[in-house]
Amino acid sequence: MMRSTLIICEKPDAALHIAEALSEYGEATKRQKHGAPYYQIDTKDERIVVCSAIGHLYQVDAKGSSERRNYPVWDFTWKPKHQVERGQRRQELWLQAIAELSRGVDTYINSCDYDLEGSLIGYMILRYACNGADQIAKRMKFSTLTGRELREAYANPMPRLDFSLVDAGMCRHEVDWLYGVNLSRALTESAYKFSQRYSTLSTGRVQGPTLRFVVEREKEIMTFVPVPYWTIEALVEIDGREMAAEYQVERLEIKSEAEHVVEKSSGRTGRVEDLESMRHRLVPPAPFDLSTLQAEAYRHFGFLPTQSLGIAEGLYLDALISYPRTSSQKLPTTIGYREILSALSKIPQYEKHSSSLLSARALRPNEGKKTDPAHPAIYPTGVSPKRRLESPEQKVFDLIVKRFLATFSSAAIRESQKVTIRVDDLRFLVRGSRILEKGWIELYEPYSKLEEIILPPISVGQKATFKKVSAEKKFTQPPPRYNPGSLLRLMEEENIGTKATRAEILDTLYRRGYVKGERIVATSLAFKVSELLLRYCPKVIDVAFTRELEGMMERIESGLEAREHVVFEAVEHLKPIIEDLKANENEIGKELTETIKEMKMAEITLRTPCPQCGSRLRVLRSRRSGKRFIGCSGMWKNGCRFGLPLPQFGVLTLLEKDCRECGFQLIQVKTKGKRPLISCPKCFQAKRQSISSSRSG
Ligand SMILES: [Zn+2]
Ligand SMILES: [Zn+2]
């Protein structure tokens with residue numbers, strides 16, 4: 001009898017790569033069962049079947065039949081996803097296919113991504129769809145989908161599943177479910193019981209504290225009192241060349257002092273008193289971990305973190321880069337620096353720099369501090385794209401390749417110069433800087449840019465004439481709003497959430513209407529939810545508690561903590577919190593309902609008042625035709641009939657900006673798959689009227 005092996009992957013693309021890699025051992029055929037593709041490879045003495053999940057096929061749910069609105073709920077169990085959520089027919093069929101493929105198999109291998117989620121996905125399938133095979137299954141570990149690494153991982157699998165990762169993954173899902181379900185239902189139900197209207201409100205173990213960061217920052221900005229200060233800038237001429245100079249004190253707090261400096265220096269001639277130059281060594285950047293990649297992609301391309309992660313995962317599934325969900329900034333030698341660089345040197349745009357690195361005697365990456373037990377930092381595999389990459393993919397790929405090259409390069413050397421000019425007892429500074437050695441900066445272009453200010457030769461004692469001196473009044477600035485990149489970094493610094501879930505939590509905040517804009521602004525609903533949570537259950541938005549729990553869950557990964565114990569602790573913490581919420585349902589419901597109402601009203605109320613009667617204008621819907629239009633709220637008071645038509649399709653947003661022509665508030669209409677259209681409702685109507693009158697005339 002021939003031996004048989006079943007390999008379970010996380011996604012169909014990964015299954016294809018593994019099948020391709022193993023096809024070196026025998027004939028591979030692609031087949032299908034219940035619509036799920038799988039691969040069969042027949043070697044001399046073994047039949048290998050490679051199949052895949054489509055993400056999570058199991059999830060946590062309330063024990064028994066679950067009434068969706070009840071809370072609190074403490075008893076949970078794992079169920080096939082299709083039994084919990086609607087529209088999961090495909091998942092149901094895939095599970096059935098895997099169950100059938102698992103019959104009569106000798107060896108099982110979990111080959112999902114090597115991390116919490118992947119370990120869990122494989123474990124659940126092996127345990128429940130493959131008849132308890134989790135106890136005998138092996139584990140493949142790899143960081144790229146290249147043939148070489150996959151064959152090696154297949155030849156030398158870990159003898160058992162990584163049960164501590166499985167436990168940590170299960171615990172995370174269970175604890176998050178307990179929090180999410182109980183807290184979100186408490187909020188949603190309170191609002192529903194009060195208003196009989198249903199709006200989905202949510203909070204969670206990580207979501208609550210994250211929202212709190214945004215709200216706190218918003219409060220800081222709102223209460224910030226700007227303080228004026230003055231800066232002094234000058235234009236000096238030395239040896240016929242003009243250059244910018246600044247007063248030696250950067251900020252002057254008193255106006256008269258600033259005026260005094262201007263008066264005492266304008267039009268005068270001073271002398272160069274001192275020259276100073278310093279050399280700085282700029283070390284190459286560390287290789288990318290996920291969050292630095294996300295931050296850099298946001299900075300250069302404006303990609304949101306979830307978007308960058310999605311693109312990176314696509315590149316990984318094309319075997320172009322290593323596994324992107326990593327927090328490591330290390331590149332072990334085992335990845336084969338030389339092999340990768342010589343492969344990259346075959347891609348025209350990377351040829352020059354790859355070859356120059358290869359000619360160096362020793363290759364040493366400038367590694368960062370962060371580590372990850374499961375994967376190295378993100379690096380290109382050297383495989384060249386087999387298809388034309390879409391523009392965003394091309395951008396992220398280029399960024400990753402250049403970062404990789406830069407990290408092996410030499411330091412850049414910058415020289416900064418400081419020229420001190422004295423006129424009476426006042427001192428001004430002229431600053432210059434230039435790059436002496438480009439080093440890694442050249443390899444990382446255009447993502448690295450250092451500005452140079454080249455000064456002419458200057459010597460001590462030279463005359464310097466002050467052509468123009470001016471004092472400028474400025475104000476101290478409030479702290480900046482978070483952007484998606486900086487908020488993710490903060491979550492990481494505060495150690496809440498995981499690299500896999502942070503971006504998703506951010507998305508939820510947007511979807512629930514808690515935050516808006518790229519410069520993240522907390523909405524009034526966010527303020528209210530945050531305030532209510534702080535009042536009734538401060539522990540939920542307490543970062544310290546979240547972090548404590550996070551620590552416990554990390555200890556499960558290293559086998560130092562038992563999953564059952566952590567879940568028990570979490571429930572013990574939650575119970576009194578939920579009881580408090582329940583006891584205050586009425587008040588919470590009232591406040592939430594009012595806020596939601598206000599927000600909905602604000603969303604449809606224009607800033608521009610009615611040009612005929614001065615009342616508020618709103619976006620309304622006609623009772624008769626169902627069409628939306630701008631109507632005047634004065635109608636019920638004074639019978640004002642002012643109105644403007646609106647586009648009927650697409651998502652309508654009232655913008656902050658006003659029309660340049662007529663001053664009316666601008667609107668934006670976004671139809672799926674199209675670029676948003678910005679227009680002025682008033683000018684639009686005027687244009688329409690003039691067209692129709694010219695037609696009739
Ligand atoms: Zn009116
Ligand atoms: Zn206008």
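Owing to the predicted nature of the structure, the values given are computational and were not obtained by experimental measurement.

Among the structural elements, Thr43 can be located in the loop between strand 3 (36-42) and strand 4 (46-52). Since its relative accessible area comes to 14%, Thr43 is described here as buried.

Our focus in this paragraph is the packing of aromatic side chains. For the structure shown, the criterion picks out 15 aromatic pairs. Taken together, the ring pairs connect Phe301, Phe303, Trp440, Tyr444 and Tyr447 into an aromatic cluster. A cation over a ring is seen here: Lys141 above Tyr114, with NZ or CZ 4.8 Å from the ring centre. One residue, Arg217, lies across the ring of Tyr482, its end atom 4.5 Å from the ring centre.

The next thing to look at is the coordination of the zinc ion (ligand 1). For the zinc ion (ligand 1), the protein coordination sphere consists of Cys610 (SG), Cys613 (SG), Cys632 (SG) and Cys640 (SG), at 2.2 to 2.4 Å. Classification of the site at the zinc ion (ligand 1) rests on its four donor atoms, whose angles at the metal span 97 to 114°, yielding the label tetrahedral. For the zinc ion (ligand 1), the donor residues sit on a single chain with the sequence spacing C-x2-C-x18-C-x7-C. Of this pair, Cys610 sits in the loop between helix 20 (585-604) and strand 17 (617-621) while Cys632 is found in strand 18 (residues 628-632), placing the two residues 22 residues apart along the sequence. Relative accessible area serves as the criterion here: at 4%, Cys610 is assigned to the buried category. For Cys632, a relative accessible area of 3% corresponds to the buried category.

Attention shifts here to the coordination of the zinc ion (ligand 2). Distances from the zinc ion (ligand 2) to its protein donors, Cys659 (SG), Cys662 (SG), Cys680 (SG) and Cys683 (SG), fall within 2.2 to 2.4 Å. Classification of the site at the zinc ion (ligand 2) as tetrahedral follows from its four donor atoms and the range of 103 to 114° in their angles at the metal. Spacing between the donor residues of the zinc ion (ligand 2) along the chain follows C-x2-C-x17-C-x2-C. Taken together, the residues span a long stretch of sequence, with Cys659 in the loop between strand 20 (651-658) and strand 21 (665-670) and Cys683 in helix 22 (residues 681-696) at a distance of 24 residues.

This part takes up the side chain of Ser409. Tracing the backbone through its elements, the reader meets Ser409 in the loop between helix 13 (391-408) and strand 12 (412-423). In this structure the side chain of Ser409 is engaged in a polar contact, spanning 3.4 Å, whose partner is the backbone nitrogen of Trp440. Ser409 has contacts with Pro284, Leu357, Gly439, Trp440 and Leu443, leaving out every residue within four places of it along the chain.

Here the focus is the sheet that holds strand 18. Taken in spatial order, the three strands of this open sheet run 17-18-19, and their pairing is antiparallel. Two strands in the sheet have a free side with no partner beyond their single neighbour: strand 17 and strand 19 (643-645). Neighbour to neighbour, the strand axes of the sheet diverge by 30° on average, direction disregarded. By the bridge criterion, three bridges tie strand 18 to strand 19 in an arrangement that is antiparallel. Bridge pairing in strand 19 links Gly631 to Gly643.

Burial within strand 4 is extensive, with six of its seven residues counted as buried. Taken together, the seven bridges between strand 1 (residues 3-9) and strand 4 define a ladder with parallel strand orientation. Within strand 4, the residue paired with Thr5 across the bridge is Ile48. With four bridges joining them, strand 3 and strand 4 adopt antiparallel strand pairing.

The subject of this paragraph is the sheet that holds strand 8 (residues 138-139). Read from one edge to the other, the open sheet built from six strands follows the order 2-3-4-1-7-8, with strand pairing classed as mixed. Whereas interior strands pair on both sides, the edge strands pair on one side only; in this sheet they are strand 2 (27-33) and strand 8. Inspection of the sheet shows strand 2 paired to strand 3 by seven bridges, in the antiparallel sense. Looking at strand 3, one finds that Thr29 is bridged to Gln40. Where helix 1 (residues 12-22) meets the sheet, it contacts strand 1, strand 3 and strand 4, and its direction lies at approximately 160° from that of strand 4. Across the face of the sheet, helix 4 (residues 116-129) comes into contact with strand 1, strand 7 (107-110) and strand 8 while running at roughly 150° to strand 7.

Before going further, it helps to spend a moment on the packing of helix 18 (residues 543-557) against helix 19 (residues 563-583). Between helix 18 and helix 19, the shortest axis-to-axis distance is 9 Å and the interhelical angle comes to 165°. Considered as vectors, helix 18 and helix 19 are oriented roughly antiparallel to each other. Relative to helix 19, the crossing made by helix 18 is left-handed. Where helix 18 approaches helix 19, its residues Phe545, Leu549, Met552, Met553 and Ile556 are matched on the opposing element by Arg563, Val566, Glu569, Ala570 and His573. Among the residues making up the contact of helix 18 with helix 19, the classes are represented as seven nonpolar, one polar and two charged.

For the rest of this paragraph, the subject is helix 6 (residues 163-195). Here helix 6 is 33 residues long and its end C-alpha atoms lie 47 Å apart, about the 48 Å a rise of 1.5 Å per residue gives. A large share of helix 6 lies buried, amounting to 24 of its 33 residues. Of the residues flanking the end of helix 6, it is Gln196, one or two places downstream, whose phi is positive at about 60°.

Residue placement: Arg387 occurs in the loop between helix 12 (348-358) and helix 13. You can call Arg387 partly exposed: its relative accessible area is 38%. A C-alpha to C-alpha distance of 9.5 Å links Arg387 and Asp318, two positions 69 residues apart in sequence. Arg387 has contacts with Asp318 and Glu393, leaving out every residue within four places of it along the chain. Polar contacts involving the side chain of Arg387 include one to the side chain of Glu393, which spans 2.9 Å.

To continue, consider the packing of helix 17 (residues 524-536) against helix 20. Between helix 17 and helix 20, whose axes approach to 9 Å, the crossing angle comes to 170°. Comparing the axis directions of helix 17 and helix 20 gives the class roughly antiparallel. Across from Ser524, Leu525, Lys528, Val529, Glu531, Leu532, Arg535 and Tyr536 in helix 17, the residues of helix 20 making contact are Glu587, Ile588, Glu591, Leu592, Thr595, Ile596 and Met599. Counted by class, the contact of helix 17 with helix 20 contains eight nonpolar, two polar and five charged residues.

In this section: unusual backbone geometry. The omega angle of the peptide bond from Tyr71 to Pro72 is -5°, so this bond is cis rather than trans. Cis rather than trans, the peptide bond between Glu445 and Pro446 has omega equal to 5°. For Pro446, the location among the structural elements is in the loop between helix 14 (440-444) and strand 14 (463-475). Here the phi dihedral of Asp239 falls at roughly 50°; this positive angle occurs in a residue that is not glycine.

This part covers the environment of Ala526. By the element assignment, Ala526 lies in helix 17. On the basis of relative accessible area, Ala526 is assigned to the buried category, the value being 0%. Considering only alpha carbons, one finds Ala526 and Gly513, 13 residues apart in sequence, at a separation of 7.8 Å.

As a further point, take the layout of surface pockets. Of the volumes computed, that of the second largest pocket is approximately 1,400 Å³. Along its surface, the second largest pocket is lined by 38 residues, and Lys516, Met599, Ala602, Glu603 and Thr653 are the ones closest to its centre. A per-class count over the lining of the second largest pocket returns 17 nonpolar, ten polar and eleven charged. Split by domain, the lining of the second largest pocket shows at least three residues from each of two domains, domain 2 (175-222 + 484-596) and domain 5 (610-696).

Reading the values: rules and limits
Residues numbered from 1 in each chain as written. Chains lettered and ligands numbered in written order. Predicted model: local features only at pLDDT ≥ 70, side-chain atom pairs only at ≥ 80, totals over all residues. Heavy atoms only, no water. Helix = DSSP H or I, 4+ residues; strand = E, 2+ residues; numbered from the N terminus. Buried < 20%, exposed > 50% of the residue type's maximum accessible area, 1.4 Å probe, protein only. Phe/Tyr/Trp six-rings, centres within 6.5 Å; stacked < 30°, edge-to-face > 60°. Lys NZ or Arg CZ within 6 Å of the ring centre and 35° of its normal. Donors = N, O, S within 2.8 Å, 3.2 Å for Na, K, Ca; no water. Tetrahedral: all angles 85-135°; square planar, octahedral: opposite > 155°, others 65-115°. Polar contact = N/O pair within 3.5 Å; in protein donor to acceptor, adjacent residues only side chain to side chain. Contact = heavy atoms within 4.5 Å. Pairing = 2+ DSSP bridges. Axes fitted to C-alpha atoms, helices over the stretch in contact; angles between N-to-C directions. Parallel < 35°, antiparallel > 145°, perpendicular 65-115°, else oblique. Left-handed = near helix turned anticlockwise from the far one by under 90°. Nonpolar A, V, L, I, M, F, W, Y, C, P; charged D, E, K, R; others polar. Expected span 1.5 Å × (residues − 1). 1 Å grid on protein atoms, 1.4 Å probe; cavity = no way out; pocket = protein on both sides within 12 Å on 5 of 7 lines; lining within 4 Å. Points joined across faces, edges and corners; volume = space filled by probe spheres on them. Domains from an automatic or database assignment.

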